Amino acid sequence: LPVPSTVGSPFVWWVGHIVQYLYRLQPSMEEHVRAAMDNIGFVEPIPGVQVRRTDKIWEAAYQPVNRYMEQIQRYYASRNTTAKPVYLATDEVSVVTELQNKYPDFTFLSDNET
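Conventions adopted
Residues numbered from 1 in each chain as written. Predicted model: local features only at pLDDT ≥ 70, side-chain atom pairs only at ≥ 80, totals over all residues. Heavy atoms only, no water. Pairing = 2+ DSSP bridges. Helix = DSSP H or I, 4+ residues; strand = E, 2+ residues; numbered from the N terminus. Axes fitted to C-alpha atoms, helices over the stretch in contact; angles between N-to-C directions. Contact = heavy atoms within 4.5 Å. Buried < 20%, exposed > 50% of the residue type's maximum accessible area, 1.4 Å probe, protein only. Phe/Tyr/Trp six-rings, centres within 6.5 Å; stacked < 30°, edge-to-face > 60°.

Engineer: I'd like a description of the sheet that holds strand β2 (residues 85-90), backed by residues and values.
Structural biologist: Pairing is parallel in the open sheet, where 3 strands are placed in the order β1-β2-β3. For this open sheet the edge positions go to β1 (48-51) and β3 (107-109), each flanked by a neighbour on one side alone. Adjacent strand axes in the sheet meet at a mean angle of 35° when their direction is disregarded. Two strands pair when backbone bridges link them, and β1 and β2 are joined in this way by 4 bridges, in the parallel orientation. Bridge pairing in β2 links Gln-50 to Ala-89. Seen against the sheet, helix α4 (residues 93-102) touches β1, β2 and β3 and runs at an angle of roughly 150° to β2.

What follows is the structure, given as structure tokens:
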């Protein structure tokens, strides 16, 4: 693979391609991931947040959900769209309901059962 002339650091370019190759999904895992994405209605592009409550409580101060949503609101403020999906990864199921109640203009996609 020839290095494009616009690349400032050929070494970093090569490392990036090697890492991308090493971390590629096997076909069976890629099918599993695609099925999970289809199951929750995942669309692209989509902002995402991870809200950790159960194990993170000992590591850092509690963060209210509005702190997480500030960046998401900025993201959608810069786009002309009525659909506002957000991928939500969390270890606490109640967070899904809390966000849905506080931010009804957003659609929260999560694999957590509510």
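Engineer: Can you tell me about the environment of Thr-107, naming the residues and giving the values?
Structural biologist: Counting through the fold element by element, Thr-107 comes out in strand β3. Given a relative accessible area of 44%, Thr-107 falls into the partly exposed group. Among all residues touching Thr-107, those that are not within four sequence positions of it are Lys-84, Pro-85 and Val-86.

Engineer: Give me the packing of aromatic side chains: which residues, what numbers.
Structural biologist: Applying the stated rule across the entire model yields 6 aromatic pairs. Summarising the aromatic geometry, the rings of Trp-13 and Trp-14 are spaced 5.1 Å apart at their centres and angled 85° between planes, so their arrangement reads as edge-to-face. Looking at Trp-13, the relative accessible area reads 16%, which means it is buried. Judged by relative accessible area, Trp-14 falls into the partly exposed class, the value being 37%.

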